[in-house]
Amino acid sequence: MGKIIAVANQKGGVGKTTTAVNLSAAIGAKGKKVLLIDLDPQGNTTSGYGINKKGIVSSSYEMLIGTSGAEECIVASDFKNVDVLPANMSLAGAEIELIELEHRESRVKTALAQIKGKYDFIFIDCPPSLGLITLNALAAADTLLVPIQCEYYALEGLSQLMATVRSVKRLYNPELDIEGVLLTMFDGRLNLTQQVVNEVKRFFPKKVFKTFIPRAVRLSEAPSFGKPILYYDKSSKGAKAYNELAKEVIKNNK
């Protein structure tokens, strides 16, 4: 049965999409069957896998509003063991449309019930907000992976995210747990970085991944080539870090 992991943080620019794209590729390369779901209207996860958004017939928007089943929306990627359920700009209107629909917070959960058994891991890249789309992802997920940037405002907004997690647990998904907190854009030379690491470990005891994702030029270049870092530059610092993170996630889910 596939483990569903939502990658979420309502703060933008923390490496959420970078993590969803590169962690799914690294886990796929290790022989696990992975589905990556793009629930962000910007569709950066979709582009990060080299999928042309204009050519998408059925996307996560159709899955959410119920005009297509999840299976009809899935695209096989060019990378080992990873399928993608893509997004395009039509998803931007979904927040408003969902308000009118029945069971509006559990539509992703219902859609994924049909296909969960086909995958080892299902990753959901969430939008940088705590609206109905993110709520759907959290209601469907087994666990939540939270990327946090090593910067001054790192913990700002996290209490809001954790309050949302608590209400999702209470109302829709009592089993929801934290998969882990991932420190991104790490630069060990800076004192501030160490302060942020200590602060995050205090906020999330025992939940911080051992692997840190470095600030790396190759990581930011890879999406413009439509490739995860593992396939763009296998020997880069970023590829090595996501490879270590993949090992950690697989080991934690044995």
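Residues numbered from 1 in each chain as written. Predicted model: local features only at pLDDT ≥ 70, side-chain atom pairs only at ≥ 80, totals over all residues. Heavy atoms only, no water.

Time to look at the overall build of the protein chain. On a plain count of helices and strands, the protein chain comes out with twelve helices and seven strands. Taken over the C-alpha trace, the protein chain has a radius of gyration of 17 Å; the compact-globule value for 254 residues is 18 Å, and the two agree within 12%. Overall, the protein chain is about 50 × 40 × 35 Å in size when its C-alpha atoms are taken along their principal axes. The long-range share in the protein chain, meaning contacts at least 24 apart out of those at least 6 apart in sequence, stands at 80%. (Helix = DSSP H or I, 4+ residues; strand = E, 2+ residues; numbered from the N terminus. Rg over C-alpha atoms; globule rule 2.2 N^0.38 Å. Contact = heavy atoms within 4.5 Å.)

Burial along strand β4 (residues 82-85) is two-sided: V82 and V84 facing one way and D83 and L85 facing the other are all buried. Pairing of strand β2 (residues 34-38) with β4, which is carried by four bridges, proceeds in the parallel orientation. Paired with V34 across the bridge in β4 is V82. Examined bridge by bridge, strand β3 (residues 75-76) and β4 share two bridges and lie antiparallel to one another. Following the sheet pairing, V75 is matched in β4 by V84. From the end of β3 to the start of β4, which pair antiparallel, there are five residues, and N81 there has a positive phi angle of about 65 degrees. (Buried < 20%, exposed > 50% of the residue type's maximum accessible area, 1.4 Å probe, protein only. Pairing = 2+ DSSP bridges.)

Here the focus is the environment of I99. Mapped onto the fold, I99 is located in helix α5 (residues 94-100). Residues I99 and S58 lie 41 residues apart in sequence; the distance between their C-alpha atoms is 21 Å. Residues within four places of I99 in sequence aside, it is in contact with R104 and L132.

In this section: the environment of L39. With respect to the helices, strands and loops of the structure, L39 is situated in the loop between β2 and α2 (44-48). Judged by relative accessible area, which is 0%, L39 ranks as buried. Residues L39 and T134 lie 95 residues apart in sequence; the distance between their C-alpha atoms is 8.0 Å. Ignoring anything within four residues of it in the chain, the contact list for L39 reads S60, L64, L91, V108, I124, D125, P127, I133 and A137.

Glancing now at helix α1 (residues 16-29). What sets the pattern is the α-helix's 3.6 residues per turn: residues three or four places apart point alike. Between its first and last C-alpha atoms α1 spans 20 Å; for 14 residues at 1.5 Å apiece the expected length is 20 Å, and the two agree. Most of α1 sits out of view: twelve of its 14 residues are buried. Looking one or two residues past α1, G31 carries a phi angle of roughly 95 degrees, positive in sign. (Expected span 1.5 Å × (residues − 1).)

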